Amino acid sequence: MKRICALLCAFCLFFSFSFADEDKKDDIDNEEPEIERPRVEDFKLNEPGDQFIKIGLMVTFPLNFGGSFPLYREGKLSVGGAGMLGYHRFITSWWALGFDVHFGYHPTIGENIFTYIPLMLNTTVQPTWKRLEFPLTLGVGAAMENYLSRTYFPGLVVKAQGGIFFRATPSWSFGAEGEFMYMPQWYSNSKYNDHGNFASFVISARYHF
Amino acid sequence: MRTYIRKTFVLFAAFSCFFFLSCNDVIFDEIRNEVKLDDAKVFGDIKSIIRYTLNGEECIFVADGKDILYRSVAGDTVGQKIDWKELPFSSTTVYDLAADAEYLYAFSLSWGEDEDGYNVPITRSVWCSADGSNWEMIFEEPYSDRTAAILFCTNTIKPENRHAYFRIGSETYELSGATKKEELKPFSVEKNSDYICSSEKVDGAASAEQNSFAPRNCTVLNGTVYFSGASAIASNETADTDATHIYYSSGDNVYYSSDGTAWERVDLNCDTILCMATTNDYFYAGTTEGVVHTPWNPEKYGVPSNGNSDFSNNANSALSSYYEIQSILVVNPEEKELDCTIFASLDFEGSTSSSSANMKNIGLWSYYPFRSEWNRE
């Protein structure tokens, strides 16, 4: 009996060495370091506080003065053009506020010129996908409108704009937009009340900072 | 605190601009009245549009700075757009025209080079013709820019009231066909009270003691010719009725009288008036900045209303504020405005680079009832 117990103890002692724990210190030295890869969904083209300056050139079509696309030669107003300059600031990564000013003109059928300078406050929602940006803008403001020696100021201006931009570099994006502008004219004598509907195609460049 | 005050001030200044600088002129509605313009056939520096009966046919004449052009306004031709014809004339450039009951008169300049090689007027002359083909010189002298020379006439619709005059310096002559200037008697006119219009002729040229002025225009009331130093003078004579009132302008004021002695004033609230005309329902004034019209005062016959009213056609955009209206003629003033045939001559001051005017618009414009629009003639 004593021999059996001694044999069992020796047996347990012998096999205990077979099942010894691993050396943790050696495992840590041999372990490959973990690399924390950035998550793709954390990268945004724009962050709150980002700003951009936008310049653009547009061709503008008068929609409710007669004539037909594209030149509207037979209408009271013909196709015209405008330049645009604006500033926007991102409040969130997808929403920006800003303002822009246009300098536009249209020839009339009587060989005169109608000019307008609207200054508008804009709100822009801009989803993005990879390096593409899709700004959708609503703007409201006031315009100085001139024709012969006549002036209409301040004239209400409302616009809706949508487009696509490609972020070529972190500082520059280029794109095109379509725009619809509504310019009413209201008078104390309501028989003179009128409005202008204008559609524009815009080529723009934006400087981001 | 300072920042708050500064921001408040800036906001207040910005909003104030909208109130103090606001203008509400009609624009889109006016643009919709515009029409496609014809190519001009009668263009140039047209000083006056003259009535004259040529070979028994009532016509109107213009001098475009080069030639004499005319067209019939007799019978049904009044409301028709017909071609203008050229009247043969021997001199180089015709500057102005006048007419009386029998003769058509032309004031012309001949040109040559000065010692520096510049093209300058050399002589000025007055010619007359009874048939539009044969011209006879009645006056000629070397050109001088120190002495004014003006040809003017009553230009009435009734031929028996037409008289023509020529003033050179302070000497005014009533023209009488082929009678040479040397055989004509000069006369002066005196100021009529505080106004500058008078019918009283005094033999001889004006002297320093006389309360006279240099007439530039004239018209007829009750068979008497009234002279004025004003830029514009007119009467409300029609083919059917004699004039009941005569009018002359000073600035944007129109002075009117029914007897030539007592004058009253209305203010058209426009720019300086250069010419005037009447229709059955409106009083027209061509100004240094476009054309205006005002309805007759409903309580006083023959009296224009104060201020001016909107046009129902494209007159504002055609005879726009970019241009001076040198002369205006209503062919048939007994009709309402929209049934009249009206001619107007446009010019502008300055250069095309400093003005918004278009050289293509300088010349004669017309309104015909059949098309209800103003367009280049």
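Please refer to the structure placed before this passage.
Just so we're clear, the structure is a prediction, and the values are computed from it rather than from any experiment.

Draft legend 1. Spatial organisation of the overall build of chain A. Helix and strand content of chain A: two helices and ten strands. Each helix and strand of chain A, ordered N terminal to C terminal, gives the series α-α-β-β-β-β-β-β-β-β-β-β. Within chain A, the proportion of its 209 residues that are buried is 41%. Sequence-distant contacts, at least 24 apart, represent 56% of the contacts inside chain A between residues at least 6 apart.

Draft legend 2. Highlighting the interface of chain B and chain A. Listed by partner, the interface residues are 27 residues for chain B and 31 residues for chain A. Both sides of the chain B and chain A interface together cover about 2700 Å² of buried area, and 54% of this is carbon and sulfur. When the area that chain B buries against chain A is broken down by residue, the three leading residues are B:Phe28, B:Arg32 and B:Glu34, summing to 27%. Inspection of the chain B/chain A interface yields four salt bridges. Residue A:Arg150 pairs with B:Glu30 through a salt bridge whose shortest N-O separation is 3.7 Å. Taken together, the links from chain B to chain A amount to 18 residue pairs in polar contact (both at pLDDT 80 or more).

Draft legend 3. Local environment of unusual backbone geometry. Put simply, A:Phe69 and A:Pro70 share a cis peptide bond, and its omega is 5°. A:Pro154 follows A:Phe153 through a cis peptide bond whose omega is -10°. Within the fold, A:Pro154 resides in strand β8 (residues 150-167). In this model, A:Leu148 sits at a positive phi of 50°, which is unusual for a non-glycine residue. Note on placement: A:Leu148 falls in the loop between β7 (136-147) and β8. We classify A:Leu148 as buried; its relative accessible area is 12%. Of note in the backbone geometry, B:Asn55 takes a positive phi value of approximately 50° without being a glycine. Here B:Asn55 lies in the loop between β2 (49-54) and β3 (57-63).

Draft legend 4. Structural view of the layout of surface pockets. In this structure, the largest pocket spans a volume of roughly 1100 Å³. Taken together, 46 residues line the largest pocket, and the ones lying closest to its centre are B:Lys47, B:Ser48, B:Asn217, B:Gln326 and B:Ser327. Taken together, the residues of the lining of the largest pocket sort by class into 28 nonpolar, twelve polar and six charged. Considering only enclosed or pocket space, the second largest pocket measures out at about 620 Å³ in volume. Lining the second largest pocket we find 28 residues, and of these A:Arg150, B:Glu30, B:Asn308, B:Asp310 and B:Asn316 sit closest to its centre. Elements that contribute at least two residues to the lining of the second largest pocket include exactly α2 (28-31) and β25 (290-295) of chain B. Per-element tally for the lining of the second largest pocket: the top contributor is β25(B), with three residues. Along the lines of polarity and charge, the residues of the lining of the second largest pocket split into eight nonpolar, twelve polar and eight charged.

Draft legend 5. Representation of the packing of aromatic side chains in the model. According to the stated counting rule, one finds 35 aromatic pairs over all chains in the structure shown. Centre to centre, the rings of B:Phe61 and B:Tyr70 are 5.4 Å apart; their planes meet at 20°, and the pair counts as stacked. Taking relative accessible area as the criterion, B:Phe61 reaches 0% and is therefore assigned buried. Ring pairs connect the aromatic residues A:Phe65, A:Phe114, A:Tyr116, A:Phe198 and B:Phe28, which therefore count as one cluster.

Draft legend 6. Geometry of the pattern of salt bridges. Applying the stated rule across the entire model yields 16 salt bridges over all chains. With a closest N to O distance of 3.1 Å, A:Arg167 and A:Glu133 form a salt bridge. Taken together, the positions of A:Arg167 in strand β8 and A:Glu133 in strand β6 (residues 132-133) put the pair 34 residues apart, joining distant regions of the chain. Each of the two residues, A:Arg167 as well as A:Glu133, counts as buried. The closest approach of N and O atoms between B:Asp45 and B:Lys47, which form a salt bridge, is 2.5 Å. Salt bridges sharing common partners tie together A:Asp100, A:Lys159 and A:Glu179.

Draft legend 7. Highlighting the pairing of strand β20 (residues 246-250) of chain B. Residue and element names in this part refer to chain B. Summarising burial for β20: four of the five residues are buried, a large majority. In this structure, strand β19 (residues 233-235) lies alongside β20, joined through three bridges in antiparallel fashion. Looking across to β20, one finds that Ile233 is bridged to Tyr248. Hairpin connection from β20 to strand β21 (residues 253-257): two residues lie between these consecutive antiparallel strands, with Gly251 at a positive phi of about 65°.

Draft legend 8. Here's a closer look at the side chain of A:His102. Residue and element names in this part refer to chain A. Along the polypeptide, His102 turns up in strand β3 (residues 95-107). A relative accessible area of 0% means that His102 is categorised as buried. Sequence-distant contacts of His102, that is, excluding residues within four places in its chain, are made with Met58, Gly83, Met84, Tyr116, Ile117, Pro118, Met120, Lys159, Glu179 and Met181.

What counts as what
Residues numbered from 1 in each chain as written. Chains lettered and ligands numbered in written order. Predicted model: local features only at pLDDT ≥ 70, side-chain atom pairs only at ≥ 80, totals over all residues. Heavy atoms only, no water. Helix = DSSP H or I, 4+ residues; strand = E, 2+ residues; numbered from the N terminus. Buried < 20%, exposed > 50% of the residue type's maximum accessible area, 1.4 Å probe, protein only. Contact = heavy atoms within 4.5 Å. Buried area = accessible area lost by both parts, 1.4 Å probe. Salt bridge = Lys/Arg side-chain N within 4 Å of Asp/Glu carboxyl O. Polar contact = N/O pair within 3.5 Å; in protein donor to acceptor, adjacent residues only side chain to side chain. 1 Å grid on protein atoms, 1.4 Å probe; cavity = no way out; pocket = protein on both sides within 12 Å on 5 of 7 lines; lining within 4 Å. Points joined across faces, edges and corners; volume = space filled by probe spheres on them. Nonpolar A, V, L, I, M, F, W, Y, C, P; charged D, E, K, R; others polar. Phe/Tyr/Trp six-rings, centres within 6.5 Å; stacked < 30°, edge-to-face > 60°. Pairing = 2+ DSSP bridges.

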